[in-house]
Amino acid sequence: MSNPFEPKIVAFLCNWCSYAGADLAGVSRSQYPPNIRVVRVMCTGRIDPVLILEAFASGIDGVFIGG
Amino acid sequence: MREYATTLPNVVVADRNLFTCSQDTQEKIKEYIREYDLNRVVVASCTPRTHEPLFRETLRQGGLNKYTFEMANIRDQCSWVHMHEPEKATEKAKDLVRSAVAKARLIQPLADISVPVNHNGLVIGGGVAGMVSALDLAEQGVKTYLVESAGKLGGQALKLYATYQGDRVQPYVEDLIDTVNRHPLIHVYLNTTIQDASGFVGNFTSTLVDKQGKETQLDHGAIIIATGGKPYEPEEYLYGKDPNVLLSLELDQEFIRGSDRLNHTKCAVFIQCVGSRIPERPYCSKACCTHSIQSALTLKKLNPEMNIYILYRDIRTFGEKERLYTEARARGILFIRYDPEDPPKVEKENARLTVTVTDHVLQRPLQISPNMIILATAVVPHDTRSLSKLYKVSTTPEGFFLEAHMKLRPVDFATDGMFLAGLCHFPKPIEESIAQAKAAAARAATILAKESIDMEPIVSVVDEDNCNGCGICERVCPYGAMHLIEINGLITARSTPASCKGCGLCAASCPSKAVDMCHFSQHQIRAQICALA
Ligand SMILES: Cc1cc2nc3c(=O)[nH]c(=O)nc-3n(C[C@H](O)[C@H](O)[C@H](O)COP(=O)(O)OP(=O)(O)OC[C@H]3O[C@@H](n4cnc5c(N)ncnc54)[C@H](O)[C@@H]3O)c2cc1C
Ligand code: SF4
Ligand code: SF4
Ligand code: SF4
């Protein structure tokens, strides 16, 4: 297989905890796979379930919520 | 990347810089705003958590509303974490920029929310740190509430004999207590603790409760926590089992009282690091090396014939305090280093105390028969859990309160409007507690002196025409910022922007989609997601 499946993942991260954690991962030069794209929110409370469904509907393979 | 960005919809100009946060680049951004008549700016660089305020200010100076700005985090969350996959990282960076541009097209200019400030201050803990903070606030004209759980002000300093320079602590503390009690702007609440708290910077409300259960509600604009600490009371070394085994502060009380038994003591042993610098409590209690050496010198002055031994792991008489260490050695006080793996043993036989310690130079056990043993035990915090929960402030694993940043914001909590001082933050000598207390008062005054403060307008808005008055938003709001009201016989929700924290729970929960968030609207987030797909 020349092209193994790589899911495209959208991550909703809370500004005060997990988004800060993602920044810290950068400052610490921790390495992780580049198939995750972050959308910053002020709190995971903001994430309307509809947005998750819309993400899948528009072709995103996985949704990660960190808060 | 630059070329790619110019292909995105509505992008009129894109440029790259070596240091986007430099002064030169800020000027360049302002020039671009004028030259191209821009109405949105996107910066693709580091994280908005640290740099958004800087760029917003640049937009403001360039004549744009500061909220018409968006950032793509292509450093902390891209180039730094995918260092070995440059192609894939570049693809990801393009996606992140596309997503930021998609959001930028939809963001709206917003006005800061101005909230009036309550000018009163609250200080929790009436030790030296709390009293100094309260007095410094009051001297600046601030009405200050000082809450103390014990029946008397003063804290640990009431038991302390002298500063490292030899000045007596008692007259200072008594004088301080007196000044605080007589100050017309300081209201002291003894035997009182905090039961409940709410609010935010500039507008806190705390409920106090005294021993009789009487409640008092106070409004205030800032808080200083100075709840102090206490000596660790050990099980080991026969403490509590023999009256001749004392804690450092108990020996101090004998000095303060002028106890006669000190004149008859022939031999004294100090044991250092009791309960400090061990796995459960890895920190150094900082004041105890100086404290023991100073007490040893005081004993020598009372009775020059006394044999005094200090059993230590490392001597930490930092800075000027080294002078005391030198003096102690010159006066014949003996220092014996012990290994934490093989600590001294204290035994009692026929009312005689014996200390056995392995000298690290001789590599042999030594036996000493002292009349008195003084334990330099760790400084531990009082229970900080309840306050940390009520005011949502952090503590260290050992239970000390944690400042926002050790170097850049040393007396601030991460929560706005909250400050800390003294032993509740970490063990420290009295002069450092006083310096910190003064710093905390000065920081609190920067808020209390203002008429109003500006808050980010990332708040909920209700579309009253679409609201069916179900009240779900009111129920889910953790901050009491949503309320149902009646207008012309119709029930609708309305939010209070000054109390809203922008969490978005209401917007995510509203079945009619009648609530949305400023700057994080459903539309904007949807556009970001679609741009990433
Ligand atoms: C064992 C020991 C030895 C020390 N040795 C020295 C020394 O040799 N030299 C030196 O310079 N410094 C020494 N210090 C440090 C010195 O005592 C302090 O730096 C100084 O007294 C300032 O303390 P503070 O006001 O921060 O805390 P504290 O004196 O502890 O005062 C805190 C106050 O807050 C109150 N409180 C606690 N919890 C609450 C609550 N929830 N609500 C309301 N009130 C509350 C307490 O009752 C107390 O009165 C020592 C401290 C200890 C514990
Ligand atoms: S100051 Fe000295 S006695 Fe106290 S914990 Fe530190 S090293 Fe041990
Ligand atoms: S949840 Fe929506 S519909 Fe229900 S009261 Fe709140 S805003 Fe109105
Ligand atoms: S955004 Fe959060 S804090 Fe603001 S009104 Fe809605 S639920 Fe309450």
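Think of each chain on its own: its residues are numbered from 1, step by step along the sequence as written. As they are written, the chains are lettered A onward and the ligands numbered 1 onward, keeping that order. A pLDDT threshold of at least 70 governs which residues receive local features in this predicted model, and a stricter bar of 80 or more applies before side-chain atom pairs are shown or counted, although totals over entire chains, interfaces and linings include all residues. Only hydrogens and water are removed before side-chain values are computed, so all heavy atoms of the structure are retained for them.

A. Layout of the overall build of chain A. Each helix is a run of H or I in the DSSP string that is no shorter than four residues. Each strand is a run of E no shorter than two, and both are numbered from the N terminus. Regarding its fold elements, chain A presents 2 helices and 3 strands. Its helices and strands in sequence order give chain A the pattern β-α-β-α-β, from N to C terminus. Projected onto its principal axes, the C-alpha coordinates of chain A cover approximately 40 × 35 × 10 Å. Contacts in chain A between residues at least 24 apart in sequence constitute 77% of all its contacts with a sequence separation of at least 6. In what follows, residue pairs with any heavy atoms lying within 4.5 Å of each other are defined as contacts.

B. Structural view of the nonpolar core. Residues belong to a common nonpolar core when they are buried Ala, Val, Leu, Ile, Met, Phe, Trp, Tyr or Cys residues joined through side-chain atoms within 4.5 Å. Three exposure classes are used, based on accessible area relative to the maximum for each residue type with a 1.4 Å probe and protein chains only: buried under 20%, partly exposed in between, and exposed over 50%. One finds V128, M131, L137, L146 and I224 of chain B to be the most contacted residues of the largest nonpolar core, which totals 39 residues. The residues contacting L146 of chain B, other than those within four sequence positions of it, are V123, G125, G126, G130, M131, A134, L153, V180, I186, H187, V188 and Y189 of chain B.

C. Quick peek at the domain arrangement of chain B. All domain edges in this entry derive from an automatic or database-based domain assignment. Examined at the domain level, chain B breaks down into domain 1 (2–110), domain 2 (121–228 + 382–453), domain 3 (234–379) and domain 4 (456–517). Computed from C-alpha coordinates alone, the two centres of domain 1 of chain B and domain 2 of chain B are separated by 42 Å.

D. A look at the pairing of strand 16 (residues 345–349) of chain B. As defined by bridge partners, strand 16 of chain B adjoins strand 17 (residues 352–359) of chain B across 5 bridges and the pair is classed as antiparallel. Considered in strand 17 of chain B, the bridge of K348 of chain B is made with L353 of chain B. Paired strands, in this sense, are two strands between which DSSP finds at least two bridges.

E. Spotlight on the side chain of K428 of chain B. Residue and element names in this part refer to chain B. By secondary structure assignment, the location of K428 is in the loop between strand 21 (418–420) and helix 13 (430–448). The sign given to each residue is positive for Lys and Arg and negative for Asp and Glu; His and the chain ends receive no count. Any carboxyl oxygen of Asp or Glu that lies within 4 Å of a side-chain nitrogen of Lys or Arg is treated as forming a salt bridge with it. Look at K428: it is buried, it has no salt bridge, and the nearest opposite charge is E432 at 6.0 Å. Within 3.5 Å is the distance limit for a polar contact, defined as a pair of N or O atoms, with the added protein rule that one can donate a hydrogen and the other accept it, and that residues adjacent in sequence qualify only through two side-chain atoms. Of note is the side chain of K428, whose polar atom sits 2.9 Å from the backbone oxygen of G422. Within the structure, K428 has its side chain in polar contact with the side chain of Q436 (distance 3.1 Å). In this view, K428 contacts K286, G422, L423, S433 and Q436; residues no more than four positions away in its chain are not counted.

F. View of the interface of chain A and chain B. Contact residues are listed per partner, giving 37 residues for chain A and 38 residues for chain B. Summed over both sides, the interface of chain A with chain B buries roughly 3300 Å², with 58% coming from carbon and sulfur. Three residues stand out in chain A for area buried against chain B, namely P34, R37 and R46 of chain A, and they jointly supply 21% of the buried area on that side. The partner of D516 of chain B in a salt bridge is R46 of chain A, and the shortest N-O contact between them spans 3.3 Å. Across the contact surface, chain A and chain B share 22 residue pairs in polar contact (both at pLDDT 80 or more). When contributions to the side of chain A that touches chain B are tallied by element, the ones reaching two or more residues are strand 1 (9–14), helix 1 (18–27), strand 2 (36–41) and helix 2 (49–57) of chain A. Buried area is a sum: the accessible area each of two parts loses on coming together, probed at 1.4 Å, counted once for each and added.

G. Just the site of ligand 1, in detail. All names here are of chain B. The full set close to ligand 1 counts 34 residues, and E148, Q156, L423, I430 and S433 are the nearest of them. Between an oxygen atom of ligand 1 and a side-chain N or O atom of H291, the distance comes to 2.9 Å. Between S433 and ligand 1, the recorded distance is 2.7 Å, taken from a side-chain N or O atom to an oxygen atom. Computed by Shrake-Rupley with a 1.4 Å probe, the accessible areas treat only the displayed protein chains as cover when residues are assessed. Burial of ligand 1 by the protein chains amounts to 93% of its free accessible area of 1000 Å². For this purpose, a residue is taken to be near a molecule or strand whenever a single non-hydrogen atom of the residue falls within 4 Å of it.

H. Focus on the state of the cysteines. Residues and elements named next belong to chain A. We call a pair of cysteine sulfur atoms a disulfide whenever their separation is within 2.5 Å. One pass over the structure, following the stated rule, counts 0 disulfides over all chains. Here C17 is not cross-linked by a disulfide; its sulfur's nearest cysteine counterpart is in C14, at 3.7 Å. Overall, the relative accessible area of 35% leaves C17 in the partly exposed class.

I. Up close: the sheet that holds strand 14 (residues 307–312) of chain B. Residue and element names in this part refer to chain B. Spatial strand order, 12-19-13-14-15: 5 strands in an open sheet with parallel pairing. The sheet terminates laterally at strand 12 (245–247) and strand 15 (334–337), the two strands that pair on one side only. Averaged over all neighbouring strand pairs, the angle between strand axes comes to 25°, with direction disregarded. Strand direction decides the pairing type here: strand 13 (residues 267–274) and strand 14, joined by 5 bridges, are parallel. Fitted lines through C-alpha atoms give the axes, limited to the stretch in contact for helices. The angle between two N-to-C directions lies from 0 to 180 degrees.

J. Broad picture of the pattern of salt bridges. In this structure the tally under the stated criterion is 30 salt bridges over all chains. Salt-bridge contacts for E54 of chain A lead to R526 of chain B; the nearest nitrogen and oxygen are separated by 2.6 Å. Note that E54 of chain A is positioned in helix 2 and R526 of chain B in helix 16 (residues 522–532), a pairing that runs across two chains. According to the relative accessible area criterion, E54 of chain A is partly exposed, its value standing at 25%.

K. Broad picture of the pairing of strand 4 (residues 121–124) of chain B. All names here are of chain B. Judged by which residues are buried, strand 4 turns out to be covered on both faces: G121 and V123 on one side and L122 and I124 on the other are all buried. For strand 4 and strand 5 (residues 144–147), the ladder comprises 4 bridges, and the chain directions are parallel. Of the residues in strand 5, the one forming a bridge with G121 is T144. Bridging between strand 4 and strand 10 (residues 222–225) involves 4 bridges; their strand directions are parallel. Opposite L122, over in strand 10, you have I223 as the bridge partner.

L. Region of interest: the sheet that holds strand 3 (residues 62–66) of chain A. Residues and elements named next belong to chain A. Strand order in the open sheet formed by 3 strands is 2-1-3, and the pairing between neighbours is parallel. Looking at strand neighbours, the two that pair on one side only are strand 2 and strand 3, the edges of this open sheet. Each strand of the sheet is rotated relative to its neighbour by a mean of 20°, with strand direction disregarded. Here strand 1 runs beside strand 3; their pairing, made up of 5 bridges, is parallel. From the neighbouring strand, A11 faces strand 3, where its bridge partner is F64.

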